[in-house]
Amino acid sequence: MSNAADHSSHLPTSLLLVGAGKMGGAMLEGWLAKGLDPSRVAVLDPKPSPALMDLAGSAGLRLNPDRAGLTPPEVLVLGIKPQSLAEAAPAIAPLAGPDTVVISILAGKTVADLSRALPQAGAIVRAMPNLPASIGRGATGAFANASTTARQRELTQGLLGAVGIVEWVENETLIDAVTALSGSGPAYLFYLVECLAQAGCDSGLDPSVAERLARETVVGAAELLAGPGLDPAILRQNVTSPGGTTAAALEVLMGHDGLKPLMRRAVAAAERRAGELSG
Ligand SMILES: NC(=O)c1ccc[n+]([C@@H]2O[C@H](COP(=O)([O-])OP(=O)(O)OC[C@H]3O[C@@H](n4cnc5c(N)ncnc54)[C@H](OP(=O)(O)O)[C@@H]3O)[C@@H](O)[C@H]2O)c1
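Conventions adopted
- Residues numbered from 1 in each chain as written.
- Predicted model: local features only at pLDDT ≥ 70, side-chain atom pairs only at ≥ 80, totals over all residues.
- Heavy atoms only, no water.
- Core = buried A, V, L, I, M, F, W, Y, C linked by side-chain atoms within 4.5 Å.
- Buried < 20%, exposed > 50% of the residue type's maximum accessible area, 1.4 Å probe, protein only.
- Domains from an automatic or database assignment.
- Contact = heavy atoms within 4.5 Å.
- Buried area = accessible area lost by both parts, 1.4 Å probe.
- Salt bridge = Lys/Arg side-chain N within 4 Å of Asp/Glu carboxyl O.
- Polar contact = N/O pair within 3.5 Å; in protein donor to acceptor, adjacent residues only side chain to side chain.
- Near = heavy atom within 4 Å.
- Areas by Shrake-Rupley, 256 points an atom, 1.4 Å probe, with all protein chains shown as cover.
- 1 Å grid on protein atoms, 1.4 Å probe; cavity = no way out; pocket = protein on both sides within 12 Å on 5 of 7 lines; lining within 4 Å.
- Sits in = over half its atoms within 2 Å of the grid points.
- Nonpolar A, V, L, I, M, F, W, Y, C, P; charged D, E, K, R; others polar.
- Helix = DSSP H or I, 4+ residues; strand = E, 2+ residues; numbered from the N terminus.
- Points joined across faces, edges and corners; volume = space filled by probe spheres on them.

Visitor: I keep staring at the nonpolar core and nothing clicks. Help me out?
Guide: Side chains that are nonpolar tend, in soluble globular proteins, to be buried together. Ranked by internal contacts, the top residues of the largest apolar core, which has 30 residues, are Leu 15, Leu 17, Leu 28, Trp 31, Val 43, Val 75 and Ile 103. Ranked by size, the runner-up nonpolar core spans 28 residues in total, among them Val 18, Ala 88, Leu 95 and Phe 143.

Following this line, the structure appears as structure tokens:
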């Protein structure tokens, strides 16, 4: 067993990952990079990636072991698609024991849905990561039900924190707000790049030049945001000279029908949709 895992109380003694696709696979990479001993991990996935098969071959991770030999782990992470839950539940249910914490990243599946699917489960955490978790820069919102112990919450924090920041919410309905903000948020930024590039084209720039300038502007600005503690409003003010070009554009963006009400409508639409997808 690896020393890294032995020295950390934030890593589980046993973990079962059900569904190691884009998000589950990215999280697994993050956990292993943080020192989780692969021999403590079992993965169920009908079409494992070549990287996962390598890990199973070389590092002792158990890939698609015989289910009869599996016992409920300390942590069970559900990384399947929400629509696969009903089909997967009968096989998983015996593995979600009363001492297991189930961490679900399934969009729209509530604690009540998960309790119905996994009737023996006590501790259930709903987590909503986002795509940059795949490069260790995720922003995850999490909600723990009342049965989750302090140790289980700490374990969850350690696992989710391996792929980015974690923000806990104390009311489950706020997971829909998290989904609408950070879960779907990367797409809003990608679209911003498309719109910025299009505006540059409309002003006469070559499309490929406009695309590169727009992309690097967002990437560079994001790097500045990721730096030590400057408020986004301060960063904005620092590049806005009174009466200058940036100020002229911000007058439009910050107008009464500008970006703020538009973003509020977009986030509200995503939040409504997240609510509709529950059940
Ligand atoms: N991608 C994101 O940005 C993101 C963000 C936040 C939350 N999520 C959530 O993450 C979950 C997974 O999304 P994803 O994008 O990672 O999907 P994905 O790449 O399709 O991964 C799901 C994996 O689960 C496997 N699977 C299906 N049925 C299974 C079963 N019965 N037992 C074990 N494994 C099974 C799938 O195999 P097959 O391919 O053979 O079906 C696939 O490898 C979703 O619930 C989604 O709501 C995703």
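After presenting the structure, the write-up continues.
Visitor: What am I meant to see in the domain arrangement of the protein chain here?
Guide: Accessible area lost during the coming together of the parts is what is often quoted as the interface size. Parsing the protein chain into structural domains produces domain 1 (3–172) and domain 2 (185–277). Taking the mean C-alpha position of each, domain 1 and domain 2 sit 34 Å from one another. Contact residues are listed per partner, giving five residues for domain 1 and five residues for domain 2. Summed over both partners, the interface of domain 1 with domain 2 comes to about 310 Å²; 69% of that surface belongs to carbon and sulfur atoms. Looking at the side of domain 1 facing domain 2, the largest losses of area belong to Gly 108, Leu 131 and Arg 137, adding up to 67% of the total buried there. At the junction of domain 1 with domain 2, the criterion picks out zero salt bridges. Where domain 1 touches domain 2, the interface holds zero residue pairs in polar contact (both at pLDDT 80 or more).

Visitor: Mind showing me how you'd approach the site of the ligand here?
Guide: Near the ligand there are 20 residues, and of these Lys 22, Met 23, Asp 45, Ile 80 and Ala 107 occur at the shortest range. For the ligand, an oxygen atom lies 2.7 Å from a polar atom in the side chain of Asp 45. Within the side chain of Lys 81, a nitrogen or oxygen atom sits 3.4 Å from an oxygen atom of the ligand. Protein chains shield 78% of the accessible area of the ligand, which is 880 Å² for the free molecule. The cavity where the ligand resides is the second largest pocket. Residue composition of the shell around the ligand, by class: 13 nonpolar, three polar and four charged.

Visitor: Would you take a moment to explain the pattern of salt bridges for this structure?
Guide: All told, the structure shown has six salt bridges when counted by the stated rule. For Glu 172, the salt bridge is made with Arg 126, and the minimal N-O distance between the two is 2.8 Å. Of this pair, Glu 172 sits in the loop between strand 8 (164–168) and helix 7 (174–183) while Arg 126 sits in strand 6 (residues 123–128); the two residues are 46 residues apart in sequence, bridging distant segments of the chain. By relative accessible area, which is 4% here, Arg 126 ends up buried. In this structure, Arg 153 engages Glu 170 in a salt bridge whose closest nitrogen and oxygen atoms are separated by 3.0 Å. Of this pair, Arg 153 sits in helix 6 (residues 150–160) while Glu 170 sits in the loop between strand 8 and helix 7, and the two are 17 residues apart along the sequence. By relative accessible area, which is 58% here, Glu 170 ends up exposed.

Visitor: Would you mind showing me how to read the layout of surface pockets here?
Guide: Regions of empty space are outlined by a rolling probe, equal in size to a water molecule, passed over the atoms. Each pocket or cavity is described by its volume, and for the second largest pocket that value is around 920 Å³. What lines the second largest pocket is a set of 34 residues, among which Met 23, Gly 79, Ile 80, Lys 81 and Ile 105 lie closest to the centre. Taken together, the elements giving at least two residues each to the lining of the second largest pocket come down to helix 2 (22–33), helix 4 (85–92), helix 7 and helix 8 (185–202). Here the residues of the lining of the second largest pocket are counted per class, giving 19 nonpolar, ten polar and five charged. Taken together, domain 1 (3–172) and domain 2 (185–277) each give at least three residues to the lining of the second largest pocket, which thus spans both.

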